[in-house]
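Spelled out from the first residue to the last, the chains are:
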Amino acid sequence: MAEETGVSVFTDIPESTSTRLNTDVQANSNFHGSGLPGLKRRGQGHGSRSWIKIDEHGDSKILELDKATVMRHCALPARDLRLLDPKFIYPSTILGREQAIVVNLEQIRCVITAEEVILMNSLDACVLQYESELRKRLQTNKDQPDGLPFEFRALELALELTCLSLDAQAKELELEVYPVLDELASSINTLNLERVRRLKGQLLALTQRVQKVCDEIEHLMDDDGDMAEMYLTEKKQRKEDFLNNDLYDQADIFGKIRGAPRSAPVSPVSSTTGVQKLQRAFSNLSSSKHGSVSASSNGQENIDQLEMLLEAYFVVIDSALNKLSSLKEYIDDTEDLINIKLGNVQNQLIQFELLLTAATFVAAIFAMVTAVFGMNLKTTVFNDPDGFNWTLIITGLFCLVVYIAFLIYFKHKKLFPL
């Protein structure tokens, strides 16, 4: 019947209207079909990515998950997962959420829950090392727990690999920079200056990365609320205990109510007593909830375990930052030394230019006298055979006196030491 109705409806449409509808549908399909290649339609899921899932027993497997699935599974907003997207460049970040910890430390990008780690799959050496080392530690400590919950062991390994990697890069850069700076201090040339410029760029980039990790750890250590959010195992256990107690209390309450005999006469006194018991039971239930919440708040204040863990790696990353700071100071000192040397050379050139200018002025005086006597002038000097020689001697002595006067003037003004 529905098909017959549909056919009759479409057959009753005029030809012009049907043609216009077909044209609109075709244009709409062409519009969606000719969209940008990187643009997805609304409603379509985000592209799946390869993730490595490591559970608390040390077993791992590779999964193809899209962004929406990870968001639902870990109860995370989209802006938190955006930190793990390799297409975007974000600084190092550690975020504590209700059911997960979002970690973005250099190449290690993962989501840590109370039972598993969802790691961004990559061929980077640091990611592969994190996966193998975490599996090894979880399988080794399966029978001998070290007292740390699962999420802290996963977070500790991420901090350890990141801090050690940055510290190793700082040491490697330190070993490369010092010889180049010493060579530059002894021989200033274009090649050494270019090498120092390249190393200084690497130093600034590495310092920014180390500084961001250091600031992130320090921020977590200063904020008790953020550290309390990272106790995922404890929060999960409290939630399960609360739900079990809630179900037990409800079963106890409704069991007592259902257990009353149906055939017994109901008196006003007994009815009032039953209502009072029911109210007392619900008040006990609310008080138990309040006690659970207060216990949870007291548990959040006990964050010494995580604070000690963060403090240990803060010392490591702060040591690497101090190395880079010392290296930058050494570069600055070398640059100051080079500027002093270049300034000294420039001063020597200026002194030589002053001496040369004074000598040129004196030579110009001597040349002017000889040029005057070289003209066809009527004078009695040429009557004496030694007259012109005496003229040259007197002019030369005069020029010498003028030059010595210039030197005394320069010394008096302290333009250069003599």
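1. Some details on the overall build of the protein chain
The secondary structure content of the protein chain amounts to twelve helices and six strands. A buried classification covers 28% of the 418 residues belonging to the protein chain. When the accessible surface of the protein chain is totalled, it reaches about 27200 Å², and 58% of it is carbon and sulfur.

2. With respect to unusual backbone geometry
The phi torsion at Ala75 lies on the positive side, around 55°, for a residue other than glycine. Looking at where Ala75 falls in the secondary structure, it is placed in the loop between α3 (67–74) and α4 (78–81). Given a relative accessible area of 40%, Ala75 falls into the partly exposed group. The backbone phi angle of Glu106 is positive, close to 55°, even though this residue is not glycine. Summarising the element assignment, Glu106 is placed in the loop between β4 (101–105) and β5 (108–112).

3. Focus: the environment of Glu98
Counting through the fold element by element, Glu98 comes out in the loop between β3 (93–96) and β4. Residue classification places Glu98 among the exposed residues on the basis of a relative accessible area of 53%. For the pair formed by Glu98 and Leu76, sequence separation is 22 residues and the distance between their alpha carbons is 8.5 Å.

4. Looking at α3
When α3 is considered as a whole, its buried residues turn out to be Lys67, Val70 and Cys74. Buried residues of α3, seen end-on, are gathered within an arc of 65° and therefore sit on one face of the element. For α3, the elements touching its buried residues are β1 (49–55), β2 (60–65), α4, β5 and β6 (116–120). Looking one or two residues beyond α3, the residue adopting positive phi is Ala75, at roughly 55°.

5. Here we look at the nonpolar core
Counting residues in hydrophobic clusters, the biggest one holds 62 residues, and the most contacted among them are Ile112, Val117, Tyr130, Leu159, Leu310 and Ile317. A total of 16 residues in this core trace back to one element, the largest contributor, which is helix α6 (residues 150–186). When near neighbours in sequence (up to four residues on either side) are disregarded, Leu159 contacts Ile94, Leu105, Ile217, Leu309, Leu310 and Tyr313. Val70, Leu84, Leu95 and Met120 belong to the second largest nonpolar core, which has 14 residues in total.

6. What about the pattern of salt bridges?
All chains considered together, the criterion is met by 16 salt bridges. A salt bridge links Arg97 to Asp80; the nearest nitrogen and oxygen atoms lie 2.8 Å apart. Linking Arg97 in the loop between β3 and β4 with Asp80 in helix α4, this pair joins segments that are 17 residues apart in sequence. Taking the relative accessible area as the measure of exposure, Asp80 reaches 2% and is therefore buried. For Glu335, the salt bridge goes to Lys200, with nearest N and O atoms at 3.0 Å. Placement of Glu335 in helix α11 (residues 304–373) and of Lys200 in helix α7 (residues 190–222) is noted, with a sequence separation of 135 residues between them. A relative accessible area of 29% places Glu335 in the partly exposed class.

7. A closer look at α7
Between its first and last C-alpha atoms α7 spans 47 Å; for 33 residues at 1.5 Å apiece the expected length is 48 Å, and the two agree. Turning to α7, its buried residues number three or more, namely Asn192, Val196, Leu199, Leu203, Leu206, Val210, Val213, Cys214, Glu216, Ile217, Leu220 and Met221. You can read the cap of α7 off the contacts: a side-chain oxygen lies 3.4 Å from the backbone nitrogen of Leu191, and it is on Asn189.

8. Considering the packing of aromatic side chains
This model, assessed by the stated rule, comprises six aromatic pairs. Ring geometry for Tyr178 and Tyr330: centres 4.9 Å apart, planes at 65°, overall edge-to-face. Of this pair, Tyr178 sits in helix α6 while Tyr330 is found in helix α11, placing the two residues 152 residues apart along the sequence. On the basis of relative accessibility, which here comes to 29%, the residue Tyr330 falls in the partly exposed class. Relative to Phe406, the ring of Phe361 has its centre 5.7 Å away and its plane inclined at 85°; by these criteria the two rings are edge-to-face. A residue pair is termed long-range when its members are at least 10 positions apart, and Phe361 in helix α11 and Phe406 in helix α12 (residues 387–412) qualify at 45 residues. By relative accessible area, which is 44% here, Phe361 ends up partly exposed.

9. Some thoughts on the confidence of the model for the protein chain
Atomic detail in the predicted coordinates should be set aside for any region of low pLDDT. Residue-level pLDDT values for the protein chain average 77, and 72% of them are 70 or greater. In the predicted structure, residues 1–45 sits below a pLDDT of 50 and forms seven contacts with residues beyond four places in sequence or in another chain. Here residues 260–301 scores under 50 on pLDDT; set against residues more than four positions off or in separate chains, the count is 16 contacts.

10. Re the side chain of Glu216
With respect to the helices and strands, Glu216 occurs in helix α7. Look at Glu216: it is buried, it has no salt bridge, and the nearest opposite charge is Lys212 at 4.1 Å. In contact with Glu216, not counting residues within four places along its chain, are Ser92, Thr93 and Ile94.

11. Quick notes on the packing of α6 against α7
Between two packed helices, both the angle of their axes relative to each other and the distance between the axes serve to describe the pair. Contact geometry of α6 with α7 gives a least axis separation of 10 Å together with a crossing angle of 155°. Here α6 lies roughly antiparallel to α7, going by the angle between them. Crossing angle aside, the handedness with which α6 passes α7 is left-handed.

Procedures and definitions
- Residues numbered from 1 in each chain as written.
- Predicted model: local features only at pLDDT ≥ 70, side-chain atom pairs only at ≥ 80, totals over all residues.
- Heavy atoms only, no water.
- Helix = DSSP H or I, 4+ residues; strand = E, 2+ residues; numbered from the N terminus.
- Buried < 20%, exposed > 50% of the residue type's maximum accessible area, 1.4 Å probe, protein only.
- Areas by Shrake-Rupley, 256 points an atom, 1.4 Å probe, with all protein chains shown as cover.
- Arc of directions from axis to C-beta.
- Contact = heavy atoms within 4.5 Å.
- Core = buried A, V, L, I, M, F, W, Y, C linked by side-chain atoms within 4.5 Å.
- Salt bridge = Lys/Arg side-chain N within 4 Å of Asp/Glu carboxyl O.
- Expected span 1.5 Å × (residues − 1).
- Polar contact = N/O pair within 3.5 Å; in protein donor to acceptor, adjacent residues only side chain to side chain.
- Phe/Tyr/Trp six-rings, centres within 6.5 Å; stacked < 30°, edge-to-face > 60°.
- pLDDT = per-residue confidence, 0-100.
- Lys, Arg positive; Asp, Glu negative; His and termini not counted.
- Axes fitted to C-alpha atoms, helices over the stretch in contact; angles between N-to-C directions.
- Parallel < 35°, antiparallel > 145°, perpendicular 65-115°, else oblique.
- Left-handed = near helix turned anticlockwise from the far one by under 90°.

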